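Below, each chain spelled out in residue letters.
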Amino acid sequence: MTNYEERLWEDRYWSSADGLKLHYRDYLPASADGAQVLDEARPVVLCLHGLSRNARDFDGLAPHLAHRGWHVLCPDLRGRGESDYAKEASSYGPVQYVADILDLIRHEGLQKVVVIGTSLGGLLAMGLVQEIPERIAGAVINDVGPWLEPAGMERIREYLGQGRSYPTWVHAARGIEDAHDGSHPDQPLDFWIRMAKRLMTLSSSGRVVFDYDMKIAEPVLDIDLADQPDLWPSWEAMAGRPLLVVRGELSDVLSLKTLAQMLERVPGAEALTLAHVGHAPTLDEPEALAAIEALLARTL
């Protein structure tokens, strides 16, 4: 990361209704010389990460968009990254996450947002449009849909909340690769080191550990995958605005069948399938960056 990119974002905080201090990265749009070029007419891009991830999930995408004049906010959901951990595991669920993001939107005074949501973040985008439809200018839904494939969710539940630690970043990278090489096959070591540094952090003992509260796993383990809630109305509520659904060709969470139904139920929604990628695309892929830029241009 260049010095310019390091200067591009600032750490900021907001408070949840139940008193947690929650963190977000604020990427202000800037020109090549670092001067801010905030355009109030543009919607703000709100990047929502996946289940066990954090604001660093968008380390590639957020600077890319800020360089092109977009104001980007990347929050850490409660229990992740630099946000406070909840006292009760029961608050680690989509309803509370949406409430927290609504508090952030009010805190920032945002009138129009484009939501880019990876996995869980995509589900939260659907929740937000139910609450504030007039403020959602568009959305990118990354490798998730109204129906979650049970096989993929079982795979996620197998590693979620395990609390593993590693002595070095290389060891951590190899551990991440062992768990996720099916989603990102044939990637070199530096890819997995970058992934580890997005997902993990150094503990006070110097060990590399996952950067989330292990209790986030508890509500996920209680989900009956055979009896999922009906999220199709939430997806259909997204209609009438620019929409992009990104799917990894190898995804075991968003099936081709579900993607086809999403496009049928919301005419005008666009899809991008990324070859040789599973759950979930990083959105650093050149094709993904180009498609996201094209969607953002349609919101102006």
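For every chain, the first residue of the written sequence is number 1, and numbering continues from 1 along that sequence. Note on the predicted model: pLDDT of at least 70 is required for a residue's local features to be given, and 80 or more for side-chain atom pairs to be given and counted; whole-chain, interface and lining totals, by contrast, use all residues. Side-chain metrics in this entry use all non-hydrogen atoms of the structure; hydrogen atoms and water are not considered.

## What to know about the pattern of salt bridges
So, step 1. Salt bridge, as used here: a side-chain nitrogen of Lys or Arg that lies within 4 Å of a carboxyl oxygen of Asp or Glu. According to the stated counting rule, one finds 18 salt bridges in the structure shown.
So, step 2. Between Glu-10 and Arg-12 there is a salt bridge, and its shortest N-O distance comes to 2.6 Å.
So, step 3. Only protein chains enter the accessibility calculation, which uses a 1.4 Å probe. A residue is then buried if its area is under 20% of the maximum for its type, exposed if over 50%, and partly exposed in between. Judged by relative accessible area, which is 35%, Glu-10 ranks as partly exposed.
So, step 4. A salt bridge links Arg-25 to Asp-59; its shortest N-O distance comes to 2.7 Å.

## Describing the packing of helix α3 (residues 94-108) against helix α4 (residues 120-131)
So, step 1. Each axis is a line fitted through C-alpha atoms, and for a helix only the stretch in contact is used; angles between axes span 0 to 180 degrees, taken between their N-to-C directions. Helix and strand definitions here come from DSSP, where helices need a minimum of 4 consecutive H or I residues and strands a minimum of 2 consecutive E residues; each element is numbered from the N-terminal end. Between α3 and α4, whose axes approach to 9 Å, the crossing angle comes to 65 degrees. For the element pair α3 / α4, the angle class is roughly perpendicular. As for the relative orientation of α3 and α4, their crossing is right-handed in sense. Within the contact between the two elements, α3 uses Pro-94, Tyr-97, Val-98, Ile-101, Leu-102 and Ile-105 and α4 uses Leu-120, Leu-124, Gly-127, Leu-128 and Glu-131.
So, step 2. Each residue receives one of three labels: charged for Asp, Glu, Lys and Arg, nonpolar for Ala, Val, Leu, Ile, Met, Phe, Trp, Tyr, Cys and Pro, and polar for the others, Gly being one of them. Across the contact of α3 with α4, the residue classes tally to nine nonpolar, one polar and one charged. Put simply, angles under 35 degrees are roughly parallel, angles over 145 are roughly antiparallel, angles from 65 to 115 are roughly perpendicular, and the rest are oblique. The sense of a crossing depends on the near helix, which, turned anticlockwise from the far helix by less than a right angle, makes the crossing left-handed and, turned clockwise, makes it right-handed. Contacts are residue-level and defined by heavy atoms, with any inter-residue pair within 4.5 Å sufficient.

## Comments concerning the environment of Asp-26
So, step 1. Inspection of the secondary structure assignment puts Asp-26 in strand β2 (residues 21-27).
So, step 2. For the pair Asp-26 and Thr-273, spaced 247 residues apart in the sequence, the C-alpha separation amounts to 29 Å.
So, step 3. Other than its neighbours up to four places away in sequence, Asp-26 contacts Leu-8, Trp-9, Glu-10, Arg-12, His-71, Val-72, Leu-73 and Glu-108.
So, step 4. A polar atom in the side chain of Asp-26 sits 2.8 Å from the side chain of Arg-12. Pairs of N or O atoms within 3.5 Å make up the polar contacts considered here, provided that, within protein, one atom can donate a hydrogen while the other can accept it, and that residues adjacent in sequence are counted only when both atoms are side-chain atoms.

## Focus on helix α11 (residues 286-298)
One full turn of an α-helix is made of 3.6 residues, so residues set three or four places apart face in the same direction.
So, step 1. To estimate how far a helix should reach, multiply one less than its number of residues by 1.5 Å. Over its 13 residues, α11 extends 19 Å from the first C-alpha to the last, a length consistent with the 18 Å expected when each residue adds 1.5 Å.
So, step 2. Listing the buried residues of α11 in full gives Ala-288, Leu-289, Ile-292, Leu-295 and Leu-296. Down the axis of α11, the smallest arc covering the buried residues is 130 degrees, so these residues share one side. Think of it as the arc spanned by the lines of direction from the helix axis to the C-beta atoms.

## Re unusual backbone geometry
So, step 1. Residue Ala-280 follows His-279 across a cis peptide bond; omega there is 0 degrees.
So, step 2. When you line up the elements, Ala-280 lands in the loop between β11 (270-274) and α11.
So, step 3. Although it is not a glycine, His-276 adopts a positive phi angle of roughly 60 degrees.
So, step 4. Residue His-276 is classed as partly exposed on the basis of its relative accessible area, which comes to 42%.

## Comments concerning the packing of aromatic side chains
So, step 1. Under the pairing criterion, centres of Phe, Tyr and Trp rings, with the six-membered ring standing for Trp, must be within 6.5 Å; the plane angle then separates stacked pairs below 30 degrees from edge-to-face pairs above 60, leaving the rest tilted. Taken as a whole and judged by the stated rule, the model has four aromatic pairs.
So, step 2. Their ring planes at 65 degrees and their centres at 5.7 Å tell us that Trp-14 and Tyr-24 sit as a pair that is edge-to-face. Pair noted here: Trp-14 is in strand β1 (residues 9-15) and Tyr-24 is in strand β2, with a separation of ten residues, a long-range link. The burial state of Trp-14 is the same as that of Tyr-24; both residues are buried.
So, step 3. Taken together, a centroid distance of 6.0 Å and an interplanar angle of 50 degrees make the contact between Phe-210 and Tyr-212 tilted.
So, step 4. In this structure, Arg-25 is placed above the aromatic ring of Trp-9, and the distance from its NZ or CZ to the ring centre is 3.8 Å. Our definition puts a charge over a ring when NZ of Lys or CZ of Arg is within 6 Å of the ring centre and also within 35 degrees of the ring normal.

## So, the sheet that holds strand β6 (residues 136-142)
So, step 1. Sheet architecture is open: eight strands sit in the order β1-β2-β4-β3-β5-β6-β10-β11, paired in mixed fashion. Two strands bound the open sheet, and with one partner strand each, they are β1 and β11. Averaged over all pairs of adjacent strands, the angle between strand axes in this sheet comes to 20 degrees, irrespective of strand direction.
So, step 2. The strands that α4 touches are β3 (44-48), β5 (113-118) and β6; relative to β5, the one it contacts most, it runs at about 145 degrees.
So, step 3. Each of β3, β5, β6, β10 (243-248) and β11 is contacted by α11, which is oriented at about 165 degrees to β11, the strand it contacts most. We treat two strands as partners when DSSP finds at least two bridges between them.

## Some thoughts on the side chain of Arg-241
So, step 1. For Arg-241, the location among the structural elements is in the loop between α9 (232-236) and β10.
So, step 2. Only four residue types enter the charge count, namely Lys and Arg as positive and Asp and Glu as negative; His and the chain termini do not. It turns out Arg-241 is buried and unbridged, and the closest side chain with the opposite charge, Glu-134, is 7.5 Å from it.
So, step 3. A polar contact is formed between the side chain of Arg-241 and the backbone oxygen of Pro-133, at a distance of 2.9 Å.
So, step 4. If near-sequence neighbours (up to four positions away) are discounted, Arg-241 is found in contact with Val-129, Pro-133, Ile-136, Ala-137 and Gly-138.

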